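Secondary and tertiary structure notes
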2 protein chains.
Amino acid sequence: MNGENKIGTYKFVAEPFHVDFNGRLTMGVLGNHLLNCAGFHASDRGFGIATLNEDNYTWVLSRLAIELDEMPYQYEEFTVQTWVENVYRLFTDRNFAVINKDGKKIGYARSVWAMINLNTRKPADLLALHGGSIVDYVCDEPCPIEKPSRIKVTSTEPSATIMAKYSDIDINGHVNSIRYIEHILDLFPIELYKTKRIRRFEMAYVAESYYGDTLTFFCDEANENEFHVEVRKHGNEVVCRSKVVFE
Amino acid sequence: MNGENKIGTYKFVAEPFHVDFNGRLTMGVLGNHLLNCAGFHASDRGFGIATLNEDNYTWVLSRLAIELDEMPYQYEEFTVQTWVENVYRLFTDRNFAVINKDGKKIGYARSVWAMINLNTRKPADLLALHGGSIVDYVCDEPCPIEKPSRIKVTSTEPSATIMAKYSDIDINGHVNSIRYIEHILDLFPIELYKTKRIRRFEMAYVAESYYGDTLTFFCDEANENEFHVEVRKHGNEVVCRSKVVFE
């Protein structure tokens, strides 16, 4: 298999309702595009959700880390490339590059996925799937950003509390992965976004939350410009954790 | 000018994070696509925001009414067509058709736009713009849904109160038109969406709101399955009104 087929390339434009007050694409929308690209890339190679669902399997996003020199500006075209870096028995690492309108790489992302059996909710053996053919797509394209890190939050005073509403819920009945990103970024005052931009953003998805769940957000200022966030439901069950690094 | 160039046709797919728990495209995402199509169509014909901004003018959405027999399902392709129905001195009517994967028209939308001068914030004379050439694009394509109606809300007890956050704000510093749609649809319990779907959705945009504004939502159940919503800032200033008809 040649390298070309291993890397998926997808074009986008920064739409007006997808940019923030600075005119830059929002992290939530970029995350959405990345996850869509993951879906397109997997589907085109026979490992998409639709195919998997027939066999009662689905992909579950475990980690996402995005690091960027700049974000596309309103109306600018940009390109996302994605490829599989590693396949283990229970996880696969999928990486991304974000390329601006001039063909310059402006950022990268790393993601970690598991596959679960929809009946048992138990993880599936990726190396057993389709006779292990997923490893044929492994690609050594460079992704020069750090792997998702361990995130620890110590704050006991919630920064915000919200109730999961209709617009938060996806087809699986869960609060969707992108909404968490938006809710987390809404914790920070707009003044911060006026003088700084997000250099690195990480998510660790731990457990699902559902319609009507009360989500509490705990936030540590771990370093100057670095915030660690934990989202809990029912007061103490961890739903996800995030690291936001401004510059 | 032939009829073909008067109608713009744009293809989409219902992405996984753009569908609700029923697997149907959300009204907010459809609204976003419609407004993007309006932008593409206008830009391609020399009346886009980018061109206008150079002359210190911009389009302002005043009304939007969407009526649908069904919503595209997750991963389904669909098409949006848009054209200009009327041009008056201060307003223009732009209509839309939504076409499903099989080429069947599944819904229509109507929108009303004004143009303002960015310096004075005063409305511009559309018939004077580019020597009145915008009227060359007027098209008599049918749009068999009712025009946006007058919406009156009497409730004095707010159904919800939110504060406008970072993710709500667009490049103009205003709460973006699509976010209002999402916040309004979040007023209704998920049980309603389990047994009913939105047949018709209307928005009347009255005034802008800004970061940090406290938005209060007032809701009348005007008829069975019909809700009228008013969004106010600072307690009593109307920001927008909406009509939501379920079936």
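Residues numbered from 1 in each chain as written. Chains lettered and ligands numbered in written order. Predicted model: local features only at pLDDT ≥ 70, side-chain atom pairs only at ≥ 80, totals over all residues. Heavy atoms only, no water.

1. Description of the packing of helix α2 (residues 27-44) of chain B against helix α4 (residues 177-185) of chain B
Residue and element names in this part refer to chain B.
- Relative to each other, α2 and α4 sit at 160 degrees, their axes nearing to 9 Å. In this view, α2 runs roughly antiparallel relative to α4, as classed from their interaxial angle. Both α2 and α4 take part in a crossing whose hand is right-handed. Of α4, the residues touching α2 (which contributes Met27, Gly28, Gly31, Asn32 and Leu35) are Ser177, Ile178, Ile181 and Leu185.
- In terms of residue class, the contact of α2 with α4 is built from five nonpolar, four polar and no charged. (Axes fitted to C-alpha atoms, helices over the stretch in contact; angles between N-to-C directions. Helix = DSSP H or I, 4+ residues; strand = E, 2+ residues; numbered from the N terminus. Parallel < 35°, antiparallel > 145°, perpendicular 65-115°, else oblique. Left-handed = near helix turned anticlockwise from the far one by under 90°. Contact = heavy atoms within 4.5 Å. Nonpolar A, V, L, I, M, F, W, Y, C, P; charged D, E, K, R; others polar.)

2. A look at unusual backbone geometry
- Positive phi values are uncommon outside glycine, yet asparagine 225 of chain A reaches one of about 70 degrees.
- Relative to the assigned elements, asparagine 225 of chain A resides in the loop between β8 (214-223) and β9 (226-233).
- Here tyrosine 75 of chain B, not a glycine, exhibits a phi torsion of approximately 75 degrees, which is positive.
- On the secondary structure map, tyrosine 75 of chain B appears in the loop between β2 (57-68) and β3 (77-87).

3. Brief notes about the relation of the copies chain A and chain B
- Overlaying chain A on chain B yields an RMSD of 0.0 Å, the required transformation being a rotation through 180 degrees with an accompanying axial translation of 0.0 Å. Such a turn and shift between the copies fits a two-fold axis. By C-alpha distance to the rotation axis, the residue of chain A lying nearest is isoleucine 162 of chain A, at 5.1 Å.
- Same-surface contact between copies: 100% of interface residues of chain A are shared with the interface of chain B. (Least-squares fit on C-alpha atoms with pLDDT ≥ 70 in both.)

4. Concerning the sheet that holds strand β8 (residues 214-223) of chain B
Residue and element names in this part refer to chain B.
- The strand order across the open sheet formed by 10 strands is β1-β3-β4-β5-β2-β7-β10-β9-β8-β6, and the pairing between neighbours is antiparallel. What marks the edges here is a single partner per strand, and that holds for β1 (8-13) and β6 (160-163). Strand-to-strand twist in this sheet, taken as the mean axis angle between neighbours without regard to direction, amounts to 20 degrees.
- In this structure, strand β4 (residues 92-99) lies alongside strand β5 (residues 105-117), joined through eight bridges in antiparallel fashion. Residue pairing for β5: aspartate 93 is matched across the bridge by valine 112.
- On top of the sheet, α4 reaches β2, β6, β7 (198-205), β8, β9 (226-233) and β10 (237-246); it is set at about 130 degrees to β7, its chief contact. (Pairing = 2+ DSSP bridges.)

5. Comments concerning the domain arrangement of chain A
All names here are of chain A.
- Each assigned domain of chain A is listed here: domain 1 (3-137) and domain 2 (158-246).
- Placing the centre of domain 1 and that of domain 2 at their C-alpha centroids yields a distance of 20 Å.
- Contacts between the two partners involve 18 residues from domain 1, matched on the other side by 17 residues from domain 2.
- Taking both partners together, domain 1 and domain 2 bury about 1600 Å²; carbon and sulfur atoms supply 56% of that area.
- It is Phe21, Met27 and Glu67 in domain 1 that bury the most area against domain 2; as a group they hold 31% of the surface buried on that side.
- Notably, a salt bridge pairs glutamate 67 with arginine 199, separated by 3.8 Å at the nearest N-O pair.
- Taken together, the connections running from domain 1 to domain 2 amount to nine residue pairs in polar contact (both at pLDDT 80 or more).
- Listing elements by their share of the side of domain 1 that touches domain 2, those giving two or more residues are α2 (27-44) and β2 (57-68).
- The greatest single-element share of the side of domain 1 that touches domain 2, amounting to eight residues, is contributed by β2.
- Residues belonging to the side of domain 1 that touches domain 2 are distributed by class as follows: eight nonpolar, five polar and five charged. (Domains from an automatic or database assignment. Buried area = accessible area lost by both parts, 1.4 Å probe. Salt bridge = Lys/Arg side-chain N within 4 Å of Asp/Glu carboxyl O. Polar contact = N/O pair within 3.5 Å; in protein donor to acceptor, adjacent residues only side chain to side chain.)

6. Here's the deal with the interface of chain A and chain B
- Chain A puts 33 residues into the contact, and the matching count from chain B is 33 residues.
- Of all residues in chain A, Phe17, Tyr166 and Ile171 of chain A give up the largest surface area on contact with chain B, accounting jointly for 27% of the area buried on that side.
- Summed over the shared surface of chain A and chain B, the result is two salt bridges.
- Salt-bridge contacts for arginine 179 of chain B lead to glutamate 182 of chain A; the nearest nitrogen and oxygen are separated by 2.9 Å.
- Taken together, the links from chain A to chain B amount to 16 residue pairs in polar contact (both at pLDDT 80 or more).
- Mapped onto the side of chain A that touches chain B, the elements with two or more residues apiece are α2, α4 (177-185) and α5 (190-195) of chain A.
- Sort the elements by how many residues they give to the side of chain A that touches chain B and α4 of chain A lands first, with five residues.
- Taken together, the residues of the side of chain A that touches chain B sort by class into 18 nonpolar, eight polar and seven charged.

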